[in-house]
Amino acid sequence: MRQDGPRTVGLATATGIVVANIIGTGVFTCLGFQLAEIQSGFALLLLWVIGGVLSLCGAVSYGELSAALPRSGGEYHFLSVIYHPAVGFMAGFVSATVGFAAPVALAGMAFGKYLEGTSGINGAFVASLVVVWIVTAFHLVGVRPGAAFQNLSTCAKIVVIAVLIGAGLLIPNKQPVQFTPAAGDSSVLFGPAFAVALVYVMYSYSGWNAAAYIAGEIKRPAVNVPRSLLLGTGLVMVVYTALNAVFLLAAPIEELRGQLEIGLIAGKHIFGEQGGRIVGGIICLGLLSAISSMTWIGPRVTMSMGEDHWLLRFLGRRNSHGIPANAILSQSVIVTLLLLTRSFELVVIYIQFSLLLCSLLTVAGVVVLRRRRPDLPRPSRVWAYPLPVVVFCGTTLWMMAYLLYSHPAESLFGLSTMVLGLVVYRAADRRPLVA
């Protein structure tokens, strides 16, 4: 089995990757879908707090696995070792086909929509295609240019979010939204609408496990991978809660409900028409950061699969700069196909069931690995074990049950992607390639 390339990524860049991979499309789009069923300010903010806690539980679990099994590949690597190569291949197949490609497509759709709203020029679909392929070309150059762009675009995104939060909290004419518990909130919290809305929140937090996918390129992975996961996820949890509070305070619920360009709408209420357009333009740069981080990380999963299976060998090849060019190009082709659907909500629902199941298996794998290989060195361990594992797995099962109940066709279609991964595995040579 081939080894990972040189370790060139430090803690700051790894944390930036986590932050950039999380703060992407979801926080600037999903509130409109949540408002379709929930209007309680307390319940809406609680969604983002719960999502952050769940992501932290997942982060400490992935941190232990990354420290004990340090190699790029994410769930593909973890599940192959913990359960069986077929399970790992299935998770890798999901990551390669929809796990990263779909969020890139969603970010591209949002980019096109925000660009259309800020410029006033129609052509969101064309803009989404162009930006995806420009970022693809950029990442074919090399890791170091990619790291420089990643850090710059992440900083710009954090700055605009900080400005939105600060200015939004200072506006004089705030909307009459109540963020403390009110009568009737308990029925909302335990209803199906809350569970489905939490699925959107967890989509918005997708990326809390980002550094685990490139563990083989991170310096001192046993220390820096867990730290980057916790630092990045904790920072985003605070930012998400504050930012959604500002959105609700700045714009009327009627204007936000069902809309994709939440940040643009709120920005116009805070800064005026022209100021809002500037905010929308900077959000476009933030979406570029999300597209970039997932274009960087996703192909590392398919590269690992290509190193292990002859049928996918072309995906494991690196170019003269050490970049998995074939894997990057393959992901971008899938992104293009998803963009052709032109349906944001359909793609979100489609990917979440399979991604939640993969995360569930991985976090539960902490327990399985401790029982099967108790003597394996674990430089980083889950705090308050097994509470974070139980909380994550229990809540994930609850979300999946409601998602299957409310959106059976999309959920089963996502499950069929996992089944297809098992079929492809049977067709591939399961013998590891020799370096």
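In this text the structure is predicted, and so the values were computed from the model without any measurement.

Cut-offs and rules
- Residues numbered from 1 in each chain as written.
- Predicted model: local features only at pLDDT ≥ 70, side-chain atom pairs only at ≥ 80, totals over all residues.
- Heavy atoms only, no water.
- Helix = DSSP H or I, 4+ residues; strand = E, 2+ residues; numbered from the N terminus.
- Buried < 20%, exposed > 50% of the residue type's maximum accessible area, 1.4 Å probe, protein only.
- Contact = heavy atoms within 4.5 Å.

## Quick notes on the environment of phenylalanine 33
Alright, step 1. One can find phenylalanine 33 in helix α2 (residues 31-34).
Alright, step 2. Assessed through its relative accessible area of 19%, phenylalanine 33 is described here as buried.
Alright, step 3. If near-sequence neighbours (up to four positions away) are discounted, phenylalanine 33 is found in contact with Tyr200, Leu260, Phe344 and Glu345.

## Things to note about the environment of alanine 167
Alright, step 1. Of note, alanine 167 is situated in helix α8 (residues 143-170).
Alright, step 2. Taking the C-alpha atoms as reference points, alanine 167 and valine 246, separated by 79 residues in sequence, lie 8.8 Å from one another.
Alright, step 3. Other than its neighbours up to four places away in sequence, alanine 167 contacts Ile270 and Phe271.

## Topic: unusual backbone geometry
Alright, step 1. Between tyrosine 385 and proline 386 the backbone carries a cis peptide bond, its omega angle lying at 5°.
Alright, step 2. Tracing the chain through its elements places proline 386 in the loop between α15 (344-372) and α16 (387-406).
Alright, step 3. Phi is positive for alanine 384, which is not a glycine, with a value near 55°.
Alright, step 4. Position of alanine 384 relative to the elements: it lies in the loop between α15 and α16.
Alright, step 5. By relative accessible area, alanine 384 is classed as exposed at 57%.

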